[in-house]
Amino acid sequence: MLQQVNGHSSGSDAHGGESLREDLQEFLGGEAPLHQLDDLTKVNPVTLETVLRCLQARYMADTLYTSAGCTLVALNPFKPIPQLYSPELMQEYHAAPQPQKLKPHIFTVGEQTYRNVKSLIEPVNQSIVVSGESGAGKTWTSRCLMKFYAVVAASPTSWENHKIAERIEQRILNSNPVMEAFGNACTLRNNNSSRFGKFIQLQLNRAQQMTGAAVQTYLLEKTRVACQASNERNFHIFYQICKGASADERLQWHLPEGAAFFWLPNPERTLEEDCFEVTREAMLHLGIDAPTQNNIFQALAGLLHLGNTRFADSGNEAQPCPLMDDAKCSVRTSASLLRLPEDPLLETLRIRTIRAGRQQQVFRKPCSRAECDTRRDCLAKLVYARLFDWLVSVINSSICADPDSWTTFIGLLDVYGFESFPTNSLEQLCINYASEKLQQHFVAHYLRAQQEEYTAEGLEWSTVSYQDNQTCLDLIEGSPVSICSLINEECRLNRPSSAAQLQTRIESALAGSPCLGHNKLSREPSFIVVHYAGSVRYHTAGLVEKNKDPIPPELTRLLQQSQDPLLKVLFPADPEEKSQEEPSGQSRAPVLTVVSKFKASLEQLLQVLHSTTPHYIRCIKPNGQGQAQMFHQEEVLSQLEACGLVETIHISAAGFPIRVSHRNFLKRYELLRRLRPGAAPSPHGPPPDEGRSEWSPHSEQATLQALLQDILHTLPALAQAPAETTPAPVHCGRTKVFMTDSTLELLERGRAQVLEQCARSIQGGWRRHWGRKQERQRRAAVLIQAAVRSWLTRKHIQRLHAAATVIKRAWQEWRIKMAFLASKELDGVEEQHSSQVTCSPSSLPLPQAQARLLGAVTRFWPLGLVLANAAVGARGFRRKLVVFACLPLPVGSPSSYTVQTAQEQAGVTSIRALPQGSIKFHCRKSPLRYADICPEPSPNSVTGFNQILLERHRLGHV
């Protein structure tokens, strides 16, 4: 469609076509990437390709939930994502002012239903229909919704009410593992496939608090107990008791390690659902005590041993079929576990009782080997079906609230999806029949929502046509003749029915139905029904027998003789029931077939759904391998067709799939007014500020409508047809423009023409403008370059001159400063001393030790200079000797001289600070010019180490 819209078909224009296609997709998609589109209704145009691409992009980005109008599409990630279902996220959606503005999630649907109940707007009761094929995540979705309601719908005010609410919530949540253990099984498509449909009714009181719940089940696949397809398993509970039983329980139930059972295929596979302790704990919370649990598991073990009972062919028809050698022990063990007498059990399985005549005479006829196997399987299916129904009743009695304590409810419907297998029988016919009924309910609800939108936009509903599935429903359940009525009639006739005869009756009686197909190449008797999701071929072999679901009365009487407490409850000895099982020939009631019971329960369910506000969650399985980050478009497309989303898309396409707001429409297509002669483009925005006081929304709307009509009048010219003969596949609503694909094609074609004309004009003007601009830029560049070069040269010379001036001034200041410091250092008058100092007459001769010490100190006078001015060192006489040696003073009386050090006199005796602590001498020339030069060198003067100059004070002679 996009290629036709663009109008480019040649190879040279392929690139331009791709660009225009991307531009159109960007316009229709609102300039948002596909993985950011939270609602499939925002995908423009609404086609299978765009829907699949959007779902694939969101799935690869780990965005699992996408809205589709009134439906939520849920993709199975096939990997755990705990943060997606955390209690914190539940509270976030529950506390959000507008949950619909958050990302699509099952919590959005749950919160919407809960708020609808709180608003008390009719219809107050809500229902959520969760559908999808096996392995799509229906069970997980229902489980998460129950957890969500258990969290948000429990806010008691008192501690006592809080404990009651917690107990109710725990029981409601514990009902899931019990029902999954007894009603789910591992199939080719799913390890935890629900083999029954259920409707869970969550009951709320006037304060919108959960007070209880009720469970209603539909069409349990009880045939799985005795017959499993290849590579599939029986119900989970059988594997749980075989793998999770203790040693004592194994001994009690006769389940040794490694025991083989015909009704327990693939026991080596270990699944997450094979958790026996979880099931037992959940049953305990539901009020099923340990002895009752033991009776249940003992009965199930008896059914496993019953499945090992095998019969051999009898050579004489008057004699019952003998048991195989290895089956005798199995019969004995099964009878012991079921608390049944062994001989009556064998007799019931091998001999059929017939009552005939007015006297109701009893005839006993041995059964063939096939009939013995059928009666054995029927016994097992009867026990398991009664056990499952009893469990449901126990769960309801445990979690159901008093009718006076609740006022509203929220229903969760978890049903089968559309099924089509190589061999389809009565189970698939009932499942697909239910899918057709729910699809009709969904389409009616969706069309009602569409009608409300069209009415709000001022459009007529009669302009939209869609394909209803009422024809298929008439074929299945219609009156007076339908498939169901013919199958039921075959059951009521007291004659054997063949598969070929049933096929002939269906084809001849319903030949005028367009939904009935024929397969002449098939060797097996069958008929084809064209469902909304595809054609399915149903085999007529065994169809009537399955519909009858015959239960021989002798089997029921046998089970009533059991001494097991559980079987006594499941099969009570009721005289009324006995009289119904053995009616007289004159007052025989019509047989209640499987189809009749399923149809009645389905009608009851639809009545409940019609009385509620429905919400839909469509679970999709991205691939059949169960691997994460793998999206198979073919499989997803088939599931979209099966769950009705494709039909919804077709309904939208039959109406106006392209919906654009007025302003976006004007922004894109206003240039089409150029095609009309005398039409000048005018802005469609608001008027200037000076006229804002007189502006109103009505005048703005009127202006927009005028512009829209002006644009729409160009459609006949684009179609090259007169306006009288051109249809109007476009409607202008109050806020949106509704178009079909053909209208979009015309608009895009005209827009491409106008853009091409404008592009040519713009190119010519741009070339002229660009040439003139280039010439002006050349002349300007020459002037700018000359000016910049002269300016840079001047700035460079100015910087050099300024730098030279600074350097010269700094150098002069430094020379003056250094000269001043050098002169100040030499300000002190250096006295002339004689090279030989004579001793004073009053001086005392020094001892020999002191003389040697004085000589050593004289040789090491720099060290003495340091010691003289240090805080620690020599004291007393030795200290004075060090000073004398360092300063060559005249030799005289020691008492006539006094050396005053820095420690003995406050103040500074030199222009340099006295050394504090240790001194490090560096043999480095002083930076002062005159530091090492004495004007009048004298051998007696103190020179060297000019950094420390001591002022000598000559003291008076004492």
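Predicted, not measured: the structure shown is a model, and the values here were computed from it.

A. Representation of the overall build of the chain in the model. Helices and strands together make up the secondary structure of the chain, namely 32 helices and 17 strands. A separation threshold of at least 6 residues defines the contact pool for the chain, and within that pool the share at least 24 residues apart is 70%.

B. Geometry of a nonpolar patch on the surface. The grouping of Ile784, Val788, Trp791 and Leu792 at the surface amounts to a nonpolar patch, some 390 Å² of accessible area in total. Positionally, Val788 belongs in helix H29 (residues 741–825). With relative accessibility at 38%, the residue Val788 sits in the partly exposed group.

C. Highlighting helix H11 (residues 290–307). If you check H11, its first and last C-alpha atoms are 26 Å apart, about what 18 residues at 1.5 Å a residue would give, namely 26 Å. Buried residues dominate H11, accounting for 15 of its 18 residues.

D. Structural context of the packing of helix H15 (residues 426–456) against helix H23 (residues 594–610). At their nearest, the axes of H15 and H23 sit 11 Å apart, and the two run at 20° to each other. When the axes of H15 and H23 are compared, the pair comes out roughly parallel. Of the two possible hands of crossing, H15 and H23 adopt the one that is right-handed. Residues Leu426, Cys430, Tyr433, Ala434, Lys437, Leu438 and His441 of H15 pack against Val594, Val595, Phe598, Lys599, Leu602, Glu603, Leu606, Leu609 and His610 of H23. Counted by class, the contact of H15 with H23 contains 11 nonpolar, two polar and three charged residues.

E. Just the UniProt feature "binding site: ATP" (unreviewed entry) in the chain, in detail. As recorded in UniProt, the sites labelled "binding site: ATP" (unreviewed entry) are Gly132, Glu133, Ser134, Gly135, Ala136, Gly137, Lys138 and Thr139. With respect to the helices and strands, Gly135 occurs in the loop between strand E3 (126–131) and helix H6 (138–152). Ignoring any residue separated from it by four or fewer positions in sequence, one finds Gly135 in contact with Asn76, Phe78, Arg189, Asn190 and Lys621. When you line up the elements, Ala136 lands in the loop between E3 and H6. With sequence-adjacent residues up to four places away left out, Ala136 is seen in contact with Asn76, Cys619, Ile620 and Lys621.

F. Just the pattern of salt bridges, in detail. If you walk through the whole model with that rule in mind, you get 29 salt bridges. For Arg224, the salt bridge goes to Glu232, with nearest N and O atoms at 3.0 Å. Judged by relative accessible area, Arg224 falls into the buried class, the value being 4%. Classification of Glu232 by relative accessible area gives buried; the value is 10%. Between Glu554 and Arg375 there is a salt bridge, with the nearest N and O atoms lying 2.5 Å from each other. Here Glu554 is found in helix H20 (residues 553–560), whereas its partner Arg375 is found in helix H14 (residues 369–399), with 179 residues between them in sequence.

G. Local environment of the packing of aromatic side chains. If you walk through the whole model with that rule in mind, you get 18 aromatic pairs. Centre to centre, the rings of Tyr59 and Phe631 are 6.0 Å apart; their planes meet at 45°, and the pair counts as tilted. Here the residue Tyr59 occupies a position in helix H3 (residues 48–60), and Phe631 occupies one in the loop between strand E14 (613–620) and helix H24 (633–643), the gap between them amounting to 572 residues. Phe631 matches Tyr59 in its accessibility class, with the two residues each being buried. Here a set of aromatic residues connected by ring pairs shows up, and it is made of Tyr85, Tyr93, Phe107, Trp140, Phe148 and Tyr149. Positioned above the aromatic ring of Tyr239 is the side chain of Arg233, whose terminal nitrogen or guanidinium carbon lies 3.9 Å from the ring centre. For Arg310, the ring lying beneath its charged end belongs to Phe262, and the centroid distance is 4.1 Å.

H. View of the sheet that holds strand E11 (residues 516–517). Spatially, the three strands line up as an open sheet ordered E11-E12-E13, and their pairing is antiparallel. Among the strands making up the open sheet, the edge pair consists of E11 and strand E13 (534–539). Of the strand pairs in this sheet, strand E12 (residues 526–531) and E13 are connected by six bridges, and their pairing is antiparallel. Note that in E13 the partner of Ser526 across the bridge is His539.

I. Seen up close, the environment of Val129. Mapping Val129 onto the fold places it in strand E3. On the accessibility criterion, Val129 (2% relative accessible area) is buried. C-alpha of Val129 to C-alpha of Phe199: the two residues are 70 residues apart in sequence and 9.1 Å apart in space. Here Val129 is in contact with Leu413, Leu609, His615, Tyr616 and Ile617, once residues within four sequence places are set aside.

J. View of the pairing of strand E17 (residues 736–739). Here strand E15 (residues 658–661) runs beside E17; their pairing, made up of four bridges, is antiparallel. Bridge pairing links Val660 to Val737 in E17. One ladder, built from three bridges, connects strand E16 (residues 730–732) with E17; its direction is antiparallel. When the bridges of E17 are listed, Cys732 appears paired with Val737. Remark: three residues form the turn of the hairpin made by E16 and E17, two consecutive strands paired antiparallel.

K. Local environment of the nonpolar core. With 126 residues, the main nonpolar core has Tyr149, Phe182, Ile237, Ile296, Leu300, Tyr384 and Ile617 as its most contacted residues. Counting 47 residues, the second-largest nonpolar core is a separate cluster that includes Ile483, Ile487, Leu516 and Ala533.

L. Spatial organisation of the sheet that holds strand E10 (residues 408–414). The seven strands lie next to each other as E1-E2-E14-E3-E10-E6-E7, forming an open sheet whose pairing is mixed. A single partner strand is all that each edge strand has here, and the edge strands are strand E1 (65–68) and strand E7 (210–218). On average, each strand axis in the sheet is inclined to that of its neighbour by 20°, with strand direction left out of account. Taken together, the five bridges between strand E2 (residues 71–75) and E14 define a ladder with parallel strand orientation. Bridge pairing in E14 places Val73 opposite Arg618.

M. Just the side chain of Ser513, in detail. Take Ser513: it is sitting in the loop between helix H18 (499–509) and E11. Excluding its chain neighbours within four sequence positions, the residues that come into contact with Ser513 are Thr471 and Leu475.

N. Structural context of the environment of Asp62. Note on placement: Asp62 falls in the loop between H3 and E1. Residues Asp62 and Ala628 lie 566 residues apart in sequence; the distance between their C-alpha atoms is 9.8 Å. Excluding residues that lie within four positions of it along the chain, Asp62 makes contacts with Lys79 and Gln629.

O. Main features of unusual backbone geometry. Of the consecutive residues Ser479 and Pro480, the connecting peptide bond is found in the cis state with omega at 10°. Examined against the element boundaries, Pro480 turns out to sit in the loop between helix H16 (470–477) and helix H17 (483–492). The backbone phi angle of Gln208 is positive, close to 60°, even though this residue is not glycine. Locating Gln208 in the fold gives a position in the loop between strand E6 (197–204) and E7. For Asn231, which is not glycine, the phi dihedral falls at a positive 65°. Residue position: Asn231 is located in the loop between E7 and helix H8 (236–244). Judged by relative accessible area, which is 52%, Asn231 ranks as exposed.

What counts as what
Residues numbered from 1 in each chain as written. Predicted model: local features only at pLDDT ≥ 70, side-chain atom pairs only at ≥ 80, totals over all residues. Heavy atoms only, no water. Helix = DSSP H or I, 4+ residues; strand = E, 2+ residues; numbered from the N terminus. Contact = heavy atoms within 4.5 Å. Patch = residues over 30% accessible without salt bridge, like charges linked within 9 Å, V, L, I, M, F, W, Y side chains within 5 Å. Areas by Shrake-Rupley, 256 points an atom, 1.4 Å probe, with all protein chains shown as cover. Salt bridge = Lys/Arg side-chain N within 4 Å of Asp/Glu carboxyl O. Buried < 20%, exposed > 50% of the residue type's maximum accessible area, 1.4 Å probe, protein only. Expected span 1.5 Å × (residues − 1). Axes fitted to C-alpha atoms, helices over the stretch in contact; angles between N-to-C directions. Parallel < 35°, antiparallel > 145°, perpendicular 65-115°, else oblique. Left-handed = near helix turned anticlockwise from the far one by under 90°. Nonpolar A, V, L, I, M, F, W, Y, C, P; charged D, E, K, R; others polar. UniProt positions renumbered as here; feature names shortened; annotations may be inferred. Phe/Tyr/Trp six-rings, centres within 6.5 Å; stacked < 30°, edge-to-face > 60°. Lys NZ or Arg CZ within 6 Å of the ring centre and 35° of its normal. Pairing = 2+ DSSP bridges. Core = buried A, V, L, I, M, F, W, Y, C linked by side-chain atoms within 4.5 Å.

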